Amino acid sequence: MVGIKPTDLAPTTAVKFVGAGTAACIADLVTFPLDTAKVRLQIQGEAQLGHGAQAVRYRGVFGTITTMVRTEGARSLYSGLVAGLQRQMSFASVRIGLYDSMKQFYTHGSDSASIVTRLMAGCTTGAMAVMFAQPTDVVKVRFQAQVRLADGVKRYNGTMDAYRTIARDEGVRGLWKGCMPNITRNAIVNCCELVTYDIIKELILKYDLMTDNLPCHFTAALGAGLCTTIVASPVDVVKTRFMNSTSGQYSSAINCAYTMLTKEGPTAFYKGFVPSFLRLGSWNIVMFVSYEQIKRTMMRTKTSWESPF
């Protein structure tokens, strides 16, 4: 990321890797209810198609959260949290923590990177992260989408049970269900999120609008969250629907998108937009602010250990 002064000790790849995963977990803990509400809203049209003219169950992000708490209990808002944290530690560590290293790889070690280079770096680390973390994402979405039935029966009894059940019923490939739309989504998300944050922060510092501190990180993260939500929402909805689908429901991610378009119209691709922005905007703020502070703290600790006197 930009903003390191020449006199500062630049964070190592290991610091960025661990720091990104830790910051993403902190952000998930804070924003997980918004993410769960987003998933419920995204699959709502699908549920209505499967059950005829069923009344709309969820209305808006806060209405969704209220309904879930009333009908399923407050714990339902954090359904899938364990898989979510597993996902962030393996996913964010790669896509965010290795972003600067990938920029240097494409520029052959140069500190000057064009927008094209940044986009290439974002696409690469986003795709790499999905290949590692896709099973955790599938389990997280399944947990967030499941609704406790009247008799208390649930689709999965726990995180490990979900991994085993999916592998047994759908094969190991089931754990990588929706991998291609997820790669597409995260290539887009990474490009928008990291490159936008990078550029906004760089411009703020270049024109001395703010110092390289919390207000600067907050502003850049909020802008990155808005841009990312606008661009990535259609792919995000298709990814959620496809990963949550039963075996044979859709023949492919493209078939899922076509079914949505023909049966629900183009607005279906922006279902859950408000919770998506609330979640992604707040997630970006918490994550990037935490990430910047964790990097500095880890480097100060490392320096103090190397030079105790």
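Residues numbered from 1 in each chain as written. Predicted model: local features only at pLDDT ≥ 70, side-chain atom pairs only at ≥ 80, totals over all residues. Heavy atoms only, no water.

(A) Here's a closer look at the nonpolar core. Among the nonpolar cores identified, the biggest contains 22 residues, and Ile 96, Tyr 197, Trp 283, Met 287, Phe 288 and Tyr 291 are the most heavily contacted of them. Of all elements in the fold, only helix 1 (13-50), helix 4 (99-106), helix 7 (179-206), helix 8 (214-244) and helix 10 (273-306) reach the threshold of two or more residues within this core. No other element matches helix 10, which puts seven residues into this core. Ranked by size, the runner-up nonpolar core spans 11 residues in total, among them Val 139, Val 141, Tyr 163 and Leu 175. (Core = buried A, V, L, I, M, F, W, Y, C linked by side-chain atoms within 4.5 Å. Buried < 20%, exposed > 50% of the residue type's maximum accessible area, 1.4 Å probe, protein only. Helix = DSSP H or I, 4+ residues; strand = E, 2+ residues; numbered from the N terminus.)

(B) Spotlight on the environment of Gln 42. Within the secondary structure, Gln 42 sits in helix 1. Judged by relative accessible area, which is 0%, Gln 42 ranks as buried. When the C-alpha positions of Gln 42 and Lys 271 are compared, they lie 5.2 Å apart, and in sequence the two are 229 residues distant. If we ignore the near neighbours within four places in the chain, the residues touching Gln 42 are Asp 236, Val 237, Thr 240, Arg 241, Lys 271 and Ser 276. (Contact = heavy atoms within 4.5 Å.)

(C) Representation of helix 9 (residues 253-264) in the model. For helix 9, spanning 12 residues, the distance from its first C-alpha to its last is 16 Å, which sits close to the expected 16 Å at 1.5 Å a residue. Those residues of helix 9 that fall on the buried side of the exposure criterion are Ala 253, Cys 256, Thr 259, Met 260 and Glu 264. Projected onto a plane normal to the axis of helix 9, the buried residues spread over an arc of 115° and lie on a single side. For helix 9, exposure combined with an orientation more than 90 degrees from the buried face picks out Ile 254 and Tyr 258. (Expected span 1.5 Å × (residues − 1). Arc of directions from axis to C-beta.)

(D) Looking closely at the packing of aromatic side chains. Tallied over the full model, the rule gives five aromatic pairs. With a centroid separation of 5.5 Å and 65° between ring planes, the pair formed by Phe 105 and Tyr 106 is classed as edge-to-face. The class of Tyr 106 is partly exposed, set by a relative accessible area of 29%. A cation over an aromatic ring shows up here: Lys 177 above the ring of Phe 242, its NZ or CZ 5.8 Å from the ring centre. (Phe/Tyr/Trp six-rings, centres within 6.5 Å; stacked < 30°, edge-to-face > 60°. Lys NZ or Arg CZ within 6 Å of the ring centre and 35° of its normal.)

(E) Looking closely at helix 3 (residues 81-95). Taking 1.5 Å per residue, 15 residues should reach 21 Å; helix 3 reaches 20 Å between its end C-alpha atoms and fits that length. The sharpest bend along helix 3 comes to roughly 30°, located at Gln 88. Among the residues of helix 3, Leu 81, Ala 83, Gly 84, Arg 87, Gln 88, Phe 91, Ala 92, Ser 93, Val 94 and Arg 95 are the ones counted as buried. (Bend = angle between axes of the 7 residues up to and from the residue.)

(F) The arrangement of the packing of helix 7 against helix 8 in detail. At their nearest, the axes of helix 7 and helix 8 sit 8 Å apart, and the two run at 170° to each other. Accordingly, the angle class assigned to the pair helix 7 and helix 8 is roughly antiparallel. When its residues are assigned to classes, the contact of helix 7 with helix 8 shows 17 nonpolar, seven polar and five charged. (Axes fitted to C-alpha atoms, helices over the stretch in contact; angles between N-to-C directions. Parallel < 35°, antiparallel > 145°, perpendicular 65-115°, else oblique. Nonpolar A, V, L, I, M, F, W, Y, C, P; charged D, E, K, R; others polar.)

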